[in-house]
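# Results of the structural survey
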Amino acid sequence: MDERAALGLIGDALPAAGDDCAIVGSTVVTTDMLHETTDFPPGTTRYTAGWRSVGASLSDVAAMGAEATAAVAVYAAPSFEESELRAFLRGAREVCETTGARYVGGDLDSHEEFTVATTALGETDAPVSRSGATPGEAVCVTGTLGRSAGGFRLFETDPERANELFRFEPRVATGRAVAPHASAMMDSSDGLARSLHQLAEAADCGFAIESDRLPVHESVAEVAADDADARELALHFGEDFELVFTTPEPERVRETSPIPVAVVGEVTETSVEMDGEPLPDRGYTH
């Protein structure tokens, strides 16, 4: 089974697991696992690893429109080096501080590969699911696309800047602000294209996206070989942890959001397209 098939099996068995977080009363909860070989390029500092790992789970809380409350992590490595562990903890605490959450601990384990498993909790009385999109509504994206792709390619030539790009800000405050106006929402950890396909499947709808309306991070132009490569990085690389959502009130959302929100298209009846052509369901694969 590939990842999509495995997720489908889990979703069939556990309906509460179908969104970015599971919902337990007014609490939302999510968990993630990141590995050195697949998630932390050579040159990634432990500070960045702590920030990015915990931030990934906080991003799921943001996608539910919830207030982030706490996070924990399992830190596993071949050995425990004091400087690395302290740096990791600092990154984990500081990314939590950007969202108003608290980093409250976790677990340690010996492992042949540096690996982090994180869990984040949030609270909301009105969670936003993936399934509420309606034809005619606007499709919106927060921030910019391709930041992680730019960072990934800069690790060999400019690791300091690459680490900076990898330390994204989870959009918890933005998620809270737009939630009252959003009909469906998720984060773009698998890339915009795959996120749109996932939303379309959940809501039984389609999307029409316009390429010239996509907000692309400046680093993409620095690292892309050509226009086709830039498009690939912005649409399919993933790991941007921005919010992708639908709304009948795009202007209200723009007034409410603490960061820029781009309207990139609209909800349609069927199929996911960009500029009138099918948009491939391709993105980050864990």
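Calculation criteria
Residues numbered from 1 in each chain as written. Predicted model: local features only at pLDDT ≥ 70, side-chain atom pairs only at ≥ 80, totals over all residues. Heavy atoms only, no water. UniProt positions renumbered as here; feature names shortened; annotations may be inferred. Pairing = 2+ DSSP bridges. Helix = DSSP H or I, 4+ residues; strand = E, 2+ residues; numbered from the N terminus. Contact = heavy atoms within 4.5 Å. Axes fitted to C-alpha atoms, helices over the stretch in contact; angles between N-to-C directions.

Per an unreviewed UniProt entry, the chain is named Thiamine-monophosphate kinase, and its organism is Halosegnis longus. Here the chain is described in UniProt, under the heading Catalytic activity (unreviewed entry), as follows: "thiamine phosphate + ATP = thiamine diphosphate + ADP".

Turning next to the sheet that holds strand β7 (residues 184-187). If you trace the 7 strands from one edge of the open sheet to the other, you get β7-β9-β6-β10-β8-β11-β12, paired in mixed fashion. The open sheet terminates on both sides in strands that have one partner only, identified here as β7 and β12 (277-278). Here strand β11 (residues 272-274) runs beside β12; their pairing, made up of 2 bridges, is antiparallel. Considered in β12, the bridge of Met274 is made with Glu277. Along the sheet, helix α3 (residues 46-63) makes contact with β7 and β9 (243-247), crossing β7 at roughly 175 degrees. Together, β6 (138-142), β7, β8 (206-209), β9 and β11 form the strand contacts of helix α8 (residues 192-203), whose direction differs from that of β7 by roughly 145 degrees.

What follows is about the sheet that holds strand β2 (residues 27-35). Ordered in space as β1-β2-β5-β3-β4, the 5 strands form an open sheet in which the pairing is mixed. Each end of this open sheet is capped by a strand with a single partner; those strands are β1 (22-24) and β4 (102-110). The mean angle between the axes of side-by-side strands here comes to 20 degrees, regardless of whether they run parallel or antiparallel. Strand direction decides the pairing type here: strand β3 (residues 67-77) and strand β5 (residues 115-123), joined by 9 bridges, are antiparallel. Bridged to Ala68 within β5 is Gly122. Against the sheet, α3 contacts β2, β3, β4 and β5, and its axis sits at roughly 40 degrees relative to β5. Across the face of the sheet, helix α4 (residues 82-97) comes into contact with β3, β4 and β5 while running at roughly 150 degrees to β4.

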